[in-house]
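Each chain, letter by letter, is given below.
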Amino acid sequence: MNRRDGSLQKLMQFLASGRYPPQSRLPPERELAQMLGVSRSGLREGLEMLEAEERIWRHVGKGTFVGPRPLEAARGMDFVSAATSPEEVLEVRMLFEPLIARQAAMRATSAEIENMWRLQEKSEGARDVKAWELWDGTLHRAVAQAAHNKLLLALFDAFNAIRGQAAWVRLRQAALRHERLIIYRQQHRAYVAAIAARDPALAEQAMRLHIRTVWSNLLGRERDQSSALDIGRDRTKRLTRDP
């Protein structure tokens, strides 16, 4: 059993013990790692998996909590989502996610980069739309965490929560086609590779291309779609890891 799976198994057993009921706050990472006898990097990977499965949720500056995000937060996002257009959210993503990728290229730890590759491989292997949505969202958040900027992470979580609303999920799923998934996977490899290569400018450029492509597909606009595929393929060849 590898480090990640061992940490995840211990976390699941810890939560199943009932010591921490739903919506209670877990101990800080350092303390929790000591309690479980796992490394902090392994613990983070396990927590990311549990968060993707909605077994825990996090609030920047407050901690990690057991169970899914409470309804009060969801209602707040419903209100914001109802008053926000898809184009507005994509504008915010275009402003912030390339900057986040740039910061991640400068600040990500080796463990965080390894985790991005793992998540990218999980998204590559997704066999249905639901699995793709899970790993795609988890990968983007891993990049945001690797930027090591609490304010940027809080902003990311705010607009990412809107993307998790039912209407947004339906919009993305309706626009998700096989040929588009091929492009998205290539672009994921390109921006993760740029981060791993410690190339801030290329990481920013690769993420901007990715968000622009998503924008085009969601809103039905022609935004250099053919060149997006060509550039994505070229960057993937230059930057992706050797097998």
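To keep things clear, this report deals only with the structure shown in the data block.

Rules used throughout
- Residues numbered from 1 in each chain as written.
- Predicted model: local features only at pLDDT ≥ 70, side-chain atom pairs only at ≥ 80, totals over all residues.
- Heavy atoms only, no water.
- Salt bridge = Lys/Arg side-chain N within 4 Å of Asp/Glu carboxyl O.
- Helix = DSSP H or I, 4+ residues; strand = E, 2+ residues; numbered from the N terminus.
- Buried < 20%, exposed > 50% of the residue type's maximum accessible area, 1.4 Å probe, protein only.
- Pairing = 2+ DSSP bridges.
- 1 Å grid on protein atoms, 1.4 Å probe; cavity = no way out; pocket = protein on both sides within 12 Å on 5 of 7 lines; lining within 4 Å.
- Points joined across faces, edges and corners; volume = space filled by probe spheres on them.
- Nonpolar A, V, L, I, M, F, W, Y, C, P; charged D, E, K, R; others polar.
- Axes fitted to C-alpha atoms, helices over the stretch in contact; angles between N-to-C directions.
- Parallel < 35°, antiparallel > 145°, perpendicular 65-115°, else oblique.
- Contact = heavy atoms within 4.5 Å.
- Left-handed = near helix turned anticlockwise from the far one by under 90°.
- Arc of directions from axis to C-beta.

Points about the pattern of salt bridges
- Summed over the entire model, instances satisfying the criterion amount to 10 salt bridges.
- With its nearest N and O atoms 2.5 Å apart, the salt bridge here joins Glu-97 to Arg-93. A residue pair is termed a helical-turn pair when its members lie 3 or 4 positions apart in one helix, as Glu-97 and Arg-93 do in helix α5 (residues 86-107) at four residues. As far as the burial class goes, Glu-97 and Arg-93 line up, both buried.

Digging into the pairing of strand β1 (residues 56-59)
- In the sheet, β1 pairs with strand β2 (residues 63-66) via four bridges, with the strands oriented antiparallel. Bridged to Arg-58 within β2 is Thr-64.
- Hairpin connection between β1 and β2: a loop of three residues separates the two successive antiparallel strands, and Gly-61 in this loop has a positive phi of roughly 90°.

Here we look at empty space enclosed by the protein
- Inspection of the entire model under this criterion finds two cavities of 30 Å³ or more.
- Roughly 160 Å³ of internal volume is contained in the largest cavity.
- Lining the largest cavity are 14 residues; nearest its centre among them are Trp-132, Asp-136, Arg-172, Tyr-184 and Val-214.
- When contributions to the lining of the largest cavity are tallied by element, the ones reaching two or more residues are α7 (129-146), α9 (166-175), α10 (178-196) and α11 (200-219).
- Considering each element in turn, the lining of the largest cavity owes the most residues, four residues, to α7.
- Each residue belonging to the lining of the largest cavity can be placed in one class, and the counts come to six nonpolar, three polar and five charged.
- As for the second largest cavity, its lining consists of Val-89, Leu-90, Arg-93, Arg-163, Trp-168, Arg-172 and Leu-218.

A look at the packing of helix α2 (residues 29-36) against helix α3 (residues 40-52)
- Viewed as axis vectors pointing N to C, α2 and α3 meet at an angle of 100°, and their least axial separation amounts to 9 Å. Judged by the angle between their axes, α2 and α3 are roughly perpendicular. Packed against α2, whose contacting residues are Glu-29, Arg-30, Leu-32, Ala-33 and Leu-36, the element α3 presents Arg-40, Leu-43, Arg-44 and Leu-47 at the interface.

Observations regarding the layout of surface pockets
- Reported here for the second largest pocket is a volume of approximately 810 Å³.
- Glu-29, Arg-44, Arg-58, Gln-145 and Leu-153 are the residues nearest the centre of the second largest pocket, which is lined by 30 residues in total.
- Of all the secondary-structure elements, those providing two or more residues to the lining of the second largest pocket are α2, α3, β1, β2, α6 (110-124), α7 and α8 (150-163).
- Of all the elements, α3 adds the most residues to the lining of the second largest pocket, at six residues.
- Its residues assigned to classes, the lining of the second largest pocket comprises 10 nonpolar, 10 polar and 10 charged.

Topic: the packing of α5 against α8
- One can describe the packing of α5 onto α8 by two numbers: an axis separation of 10 Å at closest approach and a directional angle of 140°. When the axes of α5 and α8 are compared, the pair comes out oblique. Our pair here, α5 against α8, has a crossing hand that is left-handed. Mapping the contact onto sequence places Val-89, Val-92, Arg-93, Phe-96, Glu-97, Leu-99, Ile-100 and Gln-103 in α5 and Leu-152, Leu-155, Phe-156, Phe-159, Ile-162 and Arg-163 in α8.
- Taken together, the residues of the contact of α5 with α8 sort by class into 10 nonpolar, one polar and three charged.

A look at α2
- Taken as a whole, α2 has its buried residues at Leu-32, Ala-33 and Leu-36. The arc that holds the buried residues of α2, viewed along the axis, is 100°, so those residues lie on one side. For α2, exposure combined with an orientation more than 90 degrees from the buried face picks out Arg-30 and Gln-34.
- Remark: Gly-37 follows α2 within two positions and exhibits a positive phi of approximately 70°.

Observations concerning unusual backbone geometry
- Backbone geometry at His-148 places phi at a positive 55°, although glycine is not the residue there.
- The residue His-148 is located in the loop between α7 and α8 in this model.
- Overall, His-148 belongs to the partly exposed group, its relative accessible area being 43%.
- Of note, the phi angle at Arg-198 is positive, near 60°, even though the residue is not glycine.
- Secondary-structure assignment places Arg-198 in the loop between α10 and α11.

Regarding the environment of Gln-103
- Secondary-structure assignment places Gln-103 in helix α5.
- Note on Gln-103: relative accessible area 13%, which makes it buried.
- On a C-alpha basis, the gap between Gln-103 and Ala-201 in space is 9.7 Å, while along the polypeptide they are 98 residues apart.
- For Gln-103, the residues in contact, after removing those within four places along its chain, are Ala-147 and Leu-152.

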